[in-house]
Amino acid sequence: MSDIKKVVLAYSGGLDTSVILKWLQDVYKCEVVTFTADLGQGEELEPARAKALKAGIKPKNIYIDDVREEFVRDFVFPMFRANTVYEGEYLLGTSIARPLIAKRLIEIVNETGADAICHGATGKGNDQVRFELGAYALKPGIKVIAPWREWDLMSREKLMAYAEKHGIEIDMKHKKGGSPYSMDANLLHISYEGRHLENPAAEAEESMWRWTVSPEKAPNKAEYLDLEFAKGDVVAINGKKMKAHEILATLNKLGGAHGVGRLDLVENRYVGMKSRGCYETPGGTILLRAHRAIESVTLDREVAHLKDDLMPRYASLVYNGYWWSPERKALQVLIDHTQQTVNGMVRLKLYKGNVIVVGRDSQTDSLFDSTIATFEDDAGAYDQRDAGGFIKLNALRLRIAANLSAKKAGKPVVKKTAAPKKAVAPNPAAKAVAKPAATKVAAKPAAKIVKAAVKPIAKVEAKKVVAKAIAKPVAAKPAAKKPVAAKPVAKKPVAKKKG
């Protein structure tokens, strides 16, 4: 342990990291640099500075960085371009913050010459994986201290006892004196785990929720808002342009007031166990609904479906800590390419926990063509008869399979029926040539027609064309045996020697 002289600690000022700070000083006897990321949690920041100073950390070794804009612009928004949802519900509020924290930890290591990083993630959770995968991806030789995998303080009650013994303040004590919830907050969400929530059958306490009112207590009047999108990202709310982090903060406030974004979830952790957590993600819930709405009119069908196919894989990469992996980066290139046309406006209605899309439009990139989609007369824009062949071709494999099944079962197989012959429009030229074979009188007009068509040709060639054209019907049709057709029709025009 003595080879580590300086360590950068991911420090929130909460129960876990406050205990870890003291533990590092006692066990590793090394210099500690604290890093607290301002991800939008607000009130946690200054108390964290005060606690670090009280614990003996030098002011120059206390890093509290405002990374809100970077967080939303470079992490949250790119993730939402993919409509990312883990296991159908979780909007990845904790997961998406970890790669940014890992990035900043490594930057501070490089600035201060530290030997290692340290985090407060438990040995049972996903965060240990996320922090360390990110750190190793950015600095392969970095050393990592993970106290939960080393010490014997294996419960929240033991942590609290350790804190009380060493004079460490504890926030958010439960009213009845139990340990506080394990909480994580940033601009995208706030999460709650532990204590009462460890029984998945028990309803979460109403007093636990911090950002949202209950739907029952939400306003009885709906609120409308317009979101403007540019290349897949929201750039304005109700016509007002804002920075990325301001947009998410505003959506949190609007959604929270209407009870939007509560989630009670049992999820599958990467380390193998199931875990119950509660989340408040009001702004993210609004953002996801609006993004899918603008994509519905601006994305090609197959592109949209491809994104939906890839989304679960993308979500797993984020959830499991592979933000800095080559596969996530490759997927991001594809996703960002699809967003070039995702421009326009979405109108939403917020009402008692619901986010309802009531309108969407793009003046520049809409693929919605009302002249084709209309139920009224489309003036020939769409030929409905084309659908018949489309359906038959797509049904071909189904019919073949059904016939094979019937054959195996000894049932009668549907016989193929010949397609009805299409009516062919008569060819006037052919009609004119065919007439001489029927009657003697028609011979002269037919010869004239042929003659007119071959006017520029030499007389000798014209004779051959006339004779050939008139002779063809006699040779090809059995009708020549009839009494009328038996007369030497073909010889007469030749004998006249016109031309």
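Just so it is clear, the model here is predicted, and its values are computed rather than measured.

Quick notes on the pairing of strand β2 (residues 31-38)
Here's step 1: For β2, the tally of buried residues reaches 7 of 8 residues, placing the bulk of the element in the interior.
Here's step 2: Strand direction decides the pairing type here: strand β1 (residues 6-10) and β2, joined by 5 bridges, are parallel. Opposite Ala-10, over in β2, you have Phe-35 as the bridge partner.
Here's step 3: The handedness of the β1 to β2 crossover, carried by helix α1 (residues 15-27), is right-handed.
Here's step 4: Direction of pairing for β2 relative to strand β3 (residues 62-66): parallel, over a ladder of 5 bridges. Directly across from Ala-37, in β3, lies its bridge partner Asp-65.

As for unusual backbone geometry
Here's step 1: Phi is positive for Arg-195, close to 50°, though the residue is something other than glycine.
Here's step 2: When you line up the elements, Arg-195 lands in the loop between β7 (190-193) and β8 (223-230).
Here's step 3: With a phi close to 55°, Ala-379 is a non-glycine residue in the positive phi region.

Concerning the packing of aromatic side chains
Here's step 1: One pass over the structure, following the stated rule, counts 11 aromatic pairs.
Here's step 2: Between Tyr-181 and Tyr-192, the aromatic rings sit 6.4 Å apart at their centres with planes inclined by 80°, giving edge-to-face as the arrangement. Of the two residues, Tyr-181 sits in the loop between α6 (156-165) and β6 (182-185) while Tyr-192 sits in strand β7, which places them 11 residues apart along the sequence.
Here's step 3: The class for Tyr-181 is buried, based on a relative accessible area of 9%.
Here's step 4: Taking the relative accessible area as the measure of exposure, Tyr-192 reaches 1% and is therefore buried.
Here's step 5: When the centroid spacing of 6.1 Å and the interplanar angle of 75° are considered together, the rings of Tyr-270 and Tyr-322 count as edge-to-face. With a gap of 52 residues between them, Tyr-270 in the loop between β11 (262-268) and β12 (274-280) and Tyr-322 in the loop between α9 (301-320) and α10 (326-338) connect regions that are remote in the sequence.
Here's step 6: By relative accessible area, Tyr-270 is classed as partly exposed at 38%.
Here's step 7: Each member of the aromatic cluster is reached from another via a ring pair, and the members are Trp-23, Tyr-28, Trp-148 and Trp-151.
Here's step 8: We note Lys-352 situated over the ring of Tyr-351; from NZ or CZ to the ring centre the distance is 6.0 Å.

A closer look at the nonpolar core
The tendency in soluble globular proteins is for nonpolar side chains to be buried as a group.
Here's step 1: Formed by 75 residues in total, the largest nonpolar core has its most connected members in Phe-71, Val-76, Ile-96 and Leu-227.
Here's step 2: Once residues within four sequence positions are removed from consideration, Leu-227 is found in contact with Val-234, Ala-236, Ile-237, Leu-251, Ile-286, Ala-290, Gly-344, Met-345, Val-346 and Leu-348.
Here's step 3: In this structure, Val-7, Tyr-162, Ala-163 and Ile-170 belong to the second largest nonpolar core, which totals 31 residues.

The rules behind each value
- Residues numbered from 1 in each chain as written.
- Predicted model: local features only at pLDDT ≥ 70, side-chain atom pairs only at ≥ 80, totals over all residues.
- Heavy atoms only, no water.
- Buried < 20%, exposed > 50% of the residue type's maximum accessible area, 1.4 Å probe, protein only.
- Helix = DSSP H or I, 4+ residues; strand = E, 2+ residues; numbered from the N terminus.
- Pairing = 2+ DSSP bridges.
- Right-handed = clockwise from strand over helix to strand, strands pointing away.
- Phe/Tyr/Trp six-rings, centres within 6.5 Å; stacked < 30°, edge-to-face > 60°.
- Lys NZ or Arg CZ within 6 Å of the ring centre and 35° of its normal.
- Core = buried A, V, L, I, M, F, W, Y, C linked by side-chain atoms within 4.5 Å.
- Contact = heavy atoms within 4.5 Å.

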